[in-house]
Amino acid sequence: MSLARRALLALSTSAWLRDHATKSRIVRRSVARFMPGERLDDALEAARQQQASGITAILTHLGENLAQREEAEEVASHYLDVLDRIAASGLDAHVSIKLTQLGLDFDPELCFRHFQLVLDRASARNQFVWIDMESSAYVDRTLDIFRRACGRSSRVGIALQAYLHRSAGDLDQLLAIAPAIRLVKGAYLEPPSIAFPKKSDVDESYYRLGVRLLTAAAAGGPLVHIATHDPRLIERLGAFASDHAVSSSAYEYAMLYGIQRHLQQRLAREGRRVRVLIAYGDNWFPWYMRRLAERPANVWFLLKNFGA
Ligand code: FDA
């Protein structure tokens, strides 16, 4: 992992920087590249626009590591509202949630109850809920809640991080139960004992896990989200899917709003299923820092604007 990436990920947890950066007009303008606005309405409007070009959506309300019961309760009830708004709009949109927004840090049972409420509402409407995967300290607790959720509904999926050494083993178990799996590279600062430090090893792990997922999907396994902006991996896994006659309805490409737009549109024009995650909300600082860390060149763009 590059020094710049490591530094940006370390800064993503700085409360001092969060308080200062979120007030800066230039930083706020730079965030707009990755999110259409802070309000749910902004996200719904962006989902509507991209659906017109054949790209469906995943909506996520930014926030993580909430410490108060009332805040977690508010987030759960916000997501119930989001599901209602999606149903009323007729959009094809999933939602994606971080369990630490629902109380995982201080009360896993409460977190499960909140998640259950959201999942029940989604299931009753044939909607779909994803669980994001956060840093490695949360993987076991997140998987526990996911397993319990799978016993309740098939309208739920989970993110699996290719950079973790453990993910190949987790996948063995998930393939037996998961209705849907989103394969991502992984966005947090992790030590080499937990995650591959070299990008080439992460990419190879992503490909190997992707092949296993697509093979399982072809045999009636989970819905697969190939969630990456990496054109080379998209090409390699796309070639694997067509060589092995994996039905195009068995998987979707998933990307983030504002990243590799041309690639998103090209895939959609070619008739591939593409779903773009649209984030909104005012708690965007750590999420934004992870986006900068993914491509430290984004920082030079930001600094140039400071100079302008
Ligand atoms: P990589 O970082 O190699 O990027 C490939 C290319 O894409 C780059 O060369 C660049 O051109 C472009 N690119 C990538 N990121 C960019 C950026 N921020 N700005 C500009 N260009 C960029 N992680 C996690 O730990 N838990 C989760 O639950 C999720 N959920 C999730 C959902 C979806 C739909 C996506 C697409 C991603 C996630 N992630 C995630 C984030 C993921 O782990 C990873 O950090 C990012 O996707 C960046 O990695 P890539 O796979 O794109 O490859």
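Note that this is a predicted model, so its numbers are computed, not measured.

Cut-offs and rules
- Residues numbered from 1 in each chain as written.
- Predicted model: local features only at pLDDT ≥ 70, side-chain atom pairs only at ≥ 80, totals over all residues.
- Heavy atoms only, no water.
- 1 Å grid on protein atoms, 1.4 Å probe; cavity = no way out; pocket = protein on both sides within 12 Å on 5 of 7 lines; lining within 4 Å.
- Points joined across faces, edges and corners; volume = space filled by probe spheres on them.
- Helix = DSSP H or I, 4+ residues; strand = E, 2+ residues; numbered from the N terminus.
- Nonpolar A, V, L, I, M, F, W, Y, C, P; charged D, E, K, R; others polar.
- Near = heavy atom within 4 Å.
- Polar contact = N/O pair within 3.5 Å; in protein donor to acceptor, adjacent residues only side chain to side chain.
- Areas by Shrake-Rupley, 256 points an atom, 1.4 Å probe, with all protein chains shown as cover.
- Disulfide = S-S within 2.5 Å.
- Buried < 20%, exposed > 50% of the residue type's maximum accessible area, 1.4 Å probe, protein only.
- Core = buried A, V, L, I, M, F, W, Y, C linked by side-chain atoms within 4.5 Å.
- Contact = heavy atoms within 4.5 Å.
- Arc of directions from axis to C-beta.
- Axes fitted to C-alpha atoms, helices over the stretch in contact; angles between N-to-C directions.
- Parallel < 35°, antiparallel > 145°, perpendicular 65-115°, else oblique.
- Salt bridge = Lys/Arg side-chain N within 4 Å of Asp/Glu carboxyl O.

Chemist: In this structure, what is going on with empty space enclosed by the protein? I would like to understand it.
Modeler: The gaps of empty space that remain are located by a probe, the size of a water molecule, rolled over the atoms. In this structure the tally under the stated criterion is one cavity of 30 Å³ or more. Quantified by volume, the largest cavity comes out at close to 60 Å³. Around the largest cavity, the lining residues are Met133, Val139, Leu143, Ala159, Leu160, Gln161, Leu164, Arg166, Ser167, Asp170 and Leu174. When residues of the lining of the largest cavity are traced back to their parent elements, those giving at least two are helix H7 (139-150), strand E4 (156-161) and helix H8 (167-175). Considering only residue class, the lining of the largest cavity consists of seven nonpolar, two polar and two charged.

Chemist: Got a minute to help me understand the site of the ligand in this structure?
Modeler: Within the structure, the ligand sits among 26 residues, and Lys185, Gly186, Lys199, Thr228 and Glu294 are positioned closest to it. In the environment of the ligand, an oxygen atom lies 2.7 Å from a nitrogen or oxygen atom belonging to the backbone of Gly186. For the ligand, whose unbound accessible area comes to 930 Å², protein coverage reaches 88%. Of all elements in the fold, only E4, strand E5 (180-184), strand E7 (251-256) and helix H12 (285-294) reach the threshold of two or more residues within the shell around the ligand. Counting residues per element, the shell around the ligand draws most heavily on E7, which supplies three residues. Each residue belonging to the shell around the ligand can be placed in one class, and the counts come to 11 nonpolar, six polar and nine charged.

Chemist: How should the state of the cysteines be read in this particular structure?
Modeler: Put plainly, a disulfide is one covalent bond tying together the sulfur atoms of two cysteines. Under the defined criterion, the tally for this structure stands at zero disulfides. You can see Cys111 has no disulfide; the closest cysteine sulfur is in Cys150, sitting 14 Å from it. Overall, the relative accessible area of 0% leaves Cys111 in the buried class.

Chemist: Even after reading the chapter, I still don't get the layout of surface pockets, so can you show me in this structure?
Modeler: Approximately 380 Å³ is the volume found for the second largest pocket. Together, 18 residues line the second largest pocket, and Ser12, Thr13, Glu64, Asn65 and Pro286 are the ones closest to its centre. Mapped by element, the contributors of at least two residues to the lining of the second largest pocket are helix H1 (3-11), helix H2 (15-21) and H12. Among the elements that line the lining of the second largest pocket, the one with the most residues is H12, at three residues.

Chemist: Help me out: how do you make sense of unusual backbone geometry in this one?
Modeler: A negative phi angle is the norm for most residues apart from glycine, just as the trans form is the norm for most peptide bonds. The phi dihedral of Asn65 falls on the positive side, at around 50°, and the residue is not glycine. Along the chain, Asn65 turns up in the loop between strand E1 (55-61) and helix H5 (69-89). A relative accessible area of 39% places Asn65 in the partly exposed class. The residue Asn126 is not glycine, and still its phi comes out positive at about 60°. With respect to the helices, strands and loops of the structure, Asn126 is situated in the loop between helix H6 (108-124) and strand E3 (129-131). For Asn126, a relative accessible area of 59% translates into the label exposed.

Chemist: I tried to follow the nonpolar core on my own but got confused; where do I start?
Modeler: Within the largest apolar cluster, 82 residues are counted, with the highest numbers of intra-cluster contacts made by Leu59, Phe115 and Ile278. It is helix H9 (residues 199-218) that provides the largest number of residues to this core, a total of eight residues. For Phe115, the residues in contact, after removing those within four places along its chain, are Ile97, Leu99, Leu102, Val129, Ile131, Ala149 and Val156.

Chemist: What should I look at first to understand the environment of Trp130 in this one?
Modeler: When you line up the elements, Trp130 lands in strand E3. C-alpha separation for the pair Trp130 and Val246, spaced 116 residues apart in sequence, amounts to 23 Å. Once residues lying within four places of it in the same chain are set aside, the contact partners of Trp130 are Ile58, His94, Val95, Ser96, Ile97, Gly157, Ile158, Ala180, Ile181, Arg182 and His225.

Chemist: Sorry, what's going on with helix H11 (residues 261-269) here?
Modeler: An α-helical turn contains 3.6 residues, so a residue and the one three or four places further along point in the same direction. Where H11 is concerned, the buried positions are Leu263, Gln264, Leu267 and Ala268. End-on view of H11: buried residues confined to an arc of 135°, all on one side of the axis. Exposed residues lying more than 90 degrees from the buried face of H11 are His262 and Arg269. Where H11 ends, the next residue or the one after it, Gly271, has phi of about 90°, a positive value.

Chemist: Can you help me understand the packing of H8 against H9 in this one?
Modeler: Working note: a packed helix pair is described by the angle between its axes plus the distance between those axes. Where H8 contacts H9, the two axes come as close as 11 Å, and the packing angle between them is 10°. Classified by the interaxial angle, the pair formed by H8 and H9 is roughly parallel. Of the residues in H9, those touching H8 at Ser167, Ala168, Leu171, Asp172 and Leu175 are Leu209, Arg212, Leu213 and Ala216. The class makeup of the residues in the contact of H8 with H9 is six nonpolar, one polar and two charged.

Chemist: I would appreciate a short explanation of the pattern of salt bridges in the present structure.
Modeler: Oppositely charged side chains can pair when the atoms bearing their charge come close. Applying the stated rule across the entire model yields 27 salt bridges. Of the charged contacts in the structure, one is a salt bridge between Asp170 and Arg166, with a shortest N-O distance of 2.7 Å. The exposure class of Asp170 is buried, given its relative accessible area of 10%. Here Glu270 and Arg266 are joined by a salt bridge, their closest N and O atoms 2.9 Å apart. When its relative accessible area of 41% is taken as the criterion, Glu270 is described as partly exposed. With relative accessibility at 34%, the residue Arg266 sits in the partly exposed group. The structure contains a network of salt bridges with shared partners spanning Asp92, Glu252, Arg273 and Arg275.

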